[in-house]
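# Structural characterization, general
Residue-level listing of the chains:
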Amino acid sequence: MSIAENITEIRSRMDAAARRVSRSPGDVTLMAVSKTCSAGDIREAYKAGLRVFGESRVQELATKAESLRDLANAKFHFIGHLQANKAGKAVELFSCVDSLDSLRLARKINEAGARLHRRVPVLIEINAGGEEQKSGVTPDSEELEELLQAASGLENLEFRGLMTVPPYTKDPEGARPFFRALRELRKKIAARKLPGIGLDVLSMGMSNDFEVAIEEGATCVRVGSAIFGERPRL
Ligand SMILES: *Cc1c(COP(=O)(O)O)cnc(C)c1O
């Protein structure tokens with residue numbers, strides 16, 4: 001199947017999932033995760049109507065960006081682990097950082113935003129499964145609390161919501177408790193009405209489990225291999 005055909009199929013599955021829980025299909029953004037894909041593949045997805053792309057390496061987008069300049073309104077979101085020393089470059093290239101995982105990184109992105117006279121939208125990445133090898137801040141941790149408290153002072157950041165990558169399970173139902181936990185965490189934080197913290201976005205769900213994520217309240221699903229095909233193993 002072509003990239004355009006894959007997108008059509010994913011959209012209809014997304015719409016069905018939204019309808020199952022009486023949500024409006026228009027409330028969920030399909031992000032095309034284009035890491036390891038060619039600029040040509042990205043162009044195809046763009047032609048099929050997608051405008052939001054996810055990449056997990058700064059250098060990789062730097063290489064592809066030149067040939068994608070003509071794609072009006074295409075937005076690239078950073079979704080990988082961002083090293084603090086690459087924050088400046090990331091802010092130049094990306095519209096948003098969806099994987100903010102420490103206060104130190106928040107400060108770096110804030111400085112870079114100030115230098116470039118822009119506010120950088122960010123999502124806090126939550127390590128919902130508490131997995132050691134994964135980045136993200138754990139729910140109810142001191143680290144998360146510090147980040148939430150610091151938000152109002154980081155004037156060049158715009159906190160928009162939460163993102164998570166749950167522990168991998170073959171059965172997509174295995175991810176449901178973690179998606180639900182993220183939704184509950186959002187509710188809990190929202191109830192505190194902290195200054196500087198916006199929580200409109202819940203970015204969760206990938207190729208294997210985006211329907212479950214939508215049923216649990218995702219406003220953005222990040223889909224790679226189901227659109228572009230299997231990635232080469234690195
Ligand atoms: C690679 C990646 C995805 C997409 O994964 P697929 O299983 O190919 O859909 C989504 N989110 C993040 C953070 C990723 O690194």
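Because the structure is a prediction, the values reported are computed rather than measured.

### A look at the site of the ligand
- In the vicinity of the ligand, the contacting residues are Val33, Lys35, Ile79, Met163, Val165, Met206, Ser207, Arg222, Val223, Gly224, Ser225 and Arg231.
- Here an oxygen atom of the ligand and a backbone polar atom of Gly224 are 2.8 Å apart.
- Arg231 is positioned such that a nitrogen or oxygen atom in its side chain is 2.8 Å from an oxygen atom of the ligand.
- In isolation the ligand has 390 Å² of accessible area, and contact with the protein removes 87% of it.
- Looking at the shell around the ligand, its residues break down into six nonpolar, three polar and three charged.

### Focus: the environment of Val212
- Relative to the assigned elements, Val212 resides in helix α8 (residues 210-215).
- For the pair Val212 and Arg160, spaced 52 residues apart in the sequence, the C-alpha separation amounts to 22 Å.
- Those residues in contact with Val212 that lie beyond four places of it in its chain are Pro172, Glu173, Arg176 and Phe179.

### Section: helix α5 (residues 103-115)
- In this model, α5 (13 residues) spans 18 Å end to end at C-alpha, consistent with the 18 Å of a helix rising 1.5 Å per residue.
- Of the positions making up α5, those classed as buried are Leu103, Leu105, Ala106, Ile109, Asn110, Ala112 and Gly113.
- Positive phi appears at His117, one or two residues downstream of α5, with a value of about 55°.

### Some thoughts on helix α7 (residues 176-190)
- Its 15 residues give α7 an end-to-end C-alpha distance of 21 Å, which sits within 8% of 21 Å, the value for a rise of 1.5 Å per residue.
- What α7 keeps buried is the set Arg176, Phe179, Leu182, Leu185 and Ile189.
- Lining the buried residues of α7 we find β5 (120-126), α6 (142-150), β6 (157-164), β7 (197-203) and α8.

### Focus: the pairing of strand β2 (residues 52-55)
- Side chains of β2 alternate between two faces, with Val52 and Gly54 and Phe53 and Glu55 buried alike.
- Pairing between strand β1 (residues 29-33) and β2: two bridges, direction parallel. Bridge pairing in β2 links Ala32 to Phe53.
- In this view, the connection linking β1 to its parallel neighbour β2 by way of helix α2 (residues 39-47) has right-handed handedness.
- In this sheet, strand β3 (residues 75-78) lies alongside β2 in parallel orientation, the contact comprising four bridges. Paired with Glu55 across the bridge in β3 is Phe78.
- The β-α-β motif built from β2, the intervening helix α3 (residues 58-65) and the parallel element β3 has right-handed crossover chirality.

Cut-offs used in this document
Residues numbered from 1 in each chain as written. Predicted model: local features only at pLDDT ≥ 70, side-chain atom pairs only at ≥ 80, totals over all residues. Heavy atoms only, no water. Near = heavy atom within 4 Å. Polar contact = N/O pair within 3.5 Å; in protein donor to acceptor, adjacent residues only side chain to side chain. Areas by Shrake-Rupley, 256 points an atom, 1.4 Å probe, with all protein chains shown as cover. Nonpolar A, V, L, I, M, F, W, Y, C, P; charged D, E, K, R; others polar. Helix = DSSP H or I, 4+ residues; strand = E, 2+ residues; numbered from the N terminus. Contact = heavy atoms within 4.5 Å. Expected span 1.5 Å × (residues − 1). Buried < 20%, exposed > 50% of the residue type's maximum accessible area, 1.4 Å probe, protein only. Pairing = 2+ DSSP bridges. Right-handed = clockwise from strand over helix to strand, strands pointing away.

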